[in-house]
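Each chain, written out:
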Amino acid sequence: MAVATKTVAVTGNQAVAEAFRQLNPDVMPAYPITPSTGIMESFTKFVSDGKVDTETILVESEHSAMSACIGAAAAGGRVATATSAQGMALMWEMLHIASGYRLPILMALVNRALSAPLNIHGDHSDGMGMRDCGWIQLFCENAQEAYDNTIMAYRIAEHKDVRLPIAVNMDGFIISHSIESMRYMADEDVKKFVGEYIAIDPLLDIDNPKSIGALVLPDYYMEHKRAQHEAMLNAKRVVADVSAEFAKITGRKYDLFEAYHLDDAEVVLVALNSAAGTIKDEVDLYRDKGVKAGLLKPRMFRPFPYEEVGAALKNAKAICVMDRADSYGGYGPLFMEIASALSSNKGPVVFNKIYGLGGRDLMPHDIDQVLDETIAVAKSGKVKMMKEYITVRS
Amino acid sequence: MKQMNWKELPHAGACLKAGNANEYKTGSWRSFKPRWVEENCIQCLFCWIYCPDSAVMVKDEKMIGFDYDHCKGCGVCAMECPGKKGNKAIVMEEEGK
């Protein structure tokens, strides 16, 4: 049975702040940064109005924000924070510690370009920058997905077979600052869905003194990392299970990735976050013209569902992977995942476009250009440039 | 000591037993070893206070020797030792000599 919902018109930041209010974390350390500032702005209002039990800690840097998250989570609290770009970059060393200590911290990451040149607009260089930090990473097309994934996040991160930190990504400004119509769950339904948090070995259990974070030398380090890898493998099943339960009560269905007209698609685009919305419109247009076009939009980037993605793409003739971040001197980070997913079968021709860095708009005609090139590649079986920038003046 | 495999490790590598550092022998790290010269010792216990580990053994408020399973040979005790009439009660000697 679907739960009561309320339709609202809000920004992505407001939607995530509302999810945080309903989740009611114990501690929320943060150092607000554009474009994630709106989350803390709305949330601290909930705190001063007495709508949550959360203790907010406004710290002197993002490094301290993540450090405070780690301390509070190790003490036994349910913890969240929000950041973007340089903020996440300053947290970087602590992100590894959060995952190594297996603390289920929730981060709202409002994706923004990393400097230099200085830029405050949306791209995925921050999200890709934390790719190897051991965090579960979910990506969201719109405010509804950002809200829903935030509501699901603790259930995934806190699962006994997982116990890893989780980051929920949405595009800076395009989603964080645009008003959309979406649906909120009722407070009591969120409370019931999320449940009570039971910390493992909390430091505030003073009757059972313990140490965390002790030095581990070469005789044990790899065993710890292997256990962490296993937790990440388990996360895939848990994301699927939690999403299925969420779908049962809200009617909103989420898979590990979204397949849009993919079943019979010959030319396929792959993209994360908000660009997927525009791409869907263009796929519809090309379908009307008789082109078998489709889209694959990964939702879960870490752990990456290689087998499932590989299977979903195996019948395509040509695939263009569109990256909103670059690995300079290498291919785009999403391209590398898709290429890996396709490596086990002699599958479609795959190539890479870099787009939208620093918030550069991706317009419908840009997508048409990519679709047209993908159609040509599907016909010829040949790629001229494995990786090329689009939406750039040349 | 049998080493645990990755499935046997405590969650997040937490040390759940207070004081279990005592089971971890660090004496092999040492390249210099403190030797106690009892006749020069005035029992001031500076060595016990300054030892950054807990490698100075004390019984009934008296220094009785070193715990060589844990002493890393840093030499702080020998440096701080006032000795008796200019003669140190702790001297550092090269390991293996």
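From a predicted model like this one, the values you see are computed outputs, not experimental measurements.

### Quick word on the domain arrangement of chain A
All names here are of chain A. The assigned domain composition of chain A is domain 1 (5-250) and domain 2 (257-389). Taken over C-alpha atoms, the centre of domain 1 sits 28 Å from the centre of domain 2. Secondary-structure elements contributing two or more residues to the side of domain 1 that touches domain 2 are α5 (125-129), β6 (136-139), β7 (166-171) and α8 (221-250). Looking at which element gives the most residues to the side of domain 1 that touches domain 2, the answer is α8, with five residues. Class assignment of the residues belonging to the side of domain 1 that touches domain 2 gives a composition of 15 nonpolar, nine polar and five charged.

### Focus: helix α6 (residues 143-157) of chain A
Residues and elements named next belong to chain A. The terminal C-alpha atoms of α6 lie 21 Å apart, and with 15 residues this matches the ideal 21 Å at 1.5 Å per residue to within 8%. Along α6, the sharpest kink reaches roughly 30°, centred on I151. Most of α6 is tucked away: 14 of the 15 residues are buried.

### Considerations on the packing of helix α1 (residues 12-23) of chain A against α6(A)
The description of two helices packed together rests on the angle between their axes and the distance between the axes. Residue and element names in this part refer to chain A. The interhelical angle for the contact between α1 and α6, taken along N-to-C directions, is 25°, at an axis separation of 8 Å. Viewed along their axes, α1 and α6 adopt a mutual orientation that is roughly parallel. Where α1 crosses over α6, the handedness of that crossing is right-handed. Residue-level inspection shows G12, A15, V16, E18, A19 and L23 of α1 in contact with α6, the latter providing A143, A146, Y147, T150, I151 and Y154. Per-class residue counts for the contact of α1 with α6 are nine nonpolar, two polar and one charged.

### Description of the interface of chain B and chain A
Across the contact, 12 residues belong to chain B and 16 residues belong to chain A. Its residues assigned to classes, the side of chain B that touches chain A comprises eight nonpolar, four polar and no charged.

### Some details on the pairing of strand β13 (residues 318-323) of chain A
Residue and element names in this part refer to chain A. For β13, a buried count of six out of six residues is recorded, marking the element as mostly surrounded by other parts of the structure. Relative to β13, strand β10 (residues 267-270) is paired through four bridges, and the arrangement is parallel. Looking at β13, one finds that L269 is bridged to C320. Bridge count between β13 and strand β14 (residues 349-354): six bridges; the pairing is parallel. Within β14, the residue paired with C320 across the bridge is F351.

### Some details on the pairing of β7(A)
Residues and elements named next belong to chain A. Taking burial as the measure, the six residues of β7 include six buried ones, the bulk of the element. Side chains I166, V168 and M170 of β7 all project onto a buried face; the interleaved residues A167, N169 and D171 project onto the opposite face, where all are buried too. Bridge count between strand β5 (residues 106-111) and β7: six bridges; the pairing is parallel. Bridge assignment links M107 to a residue of β7, and that residue is A167. Relative to β7, β6 is paired through four bridges, and the arrangement is parallel.

Each value, and the rule that gives it
Residues numbered from 1 in each chain as written. Chains lettered and ligands numbered in written order. Predicted model: local features only at pLDDT ≥ 70, side-chain atom pairs only at ≥ 80, totals over all residues. Domains from an automatic or database assignment. Helix = DSSP H or I, 4+ residues; strand = E, 2+ residues; numbered from the N terminus. Nonpolar A, V, L, I, M, F, W, Y, C, P; charged D, E, K, R; others polar. Expected span 1.5 Å × (residues − 1). Bend = angle between axes of the 7 residues up to and from the residue. Buried ≥ 20, exposed ≤ 12 C-beta atoms within 10 Å, placed from the backbone. Axes fitted to C-alpha atoms, helices over the stretch in contact; angles between N-to-C directions. Parallel < 35°, antiparallel > 145°, perpendicular 65-115°, else oblique. Left-handed = near helix turned anticlockwise from the far one by under 90°. Contact = placed C-beta atoms within 7 Å. Pairing = 2+ DSSP bridges.

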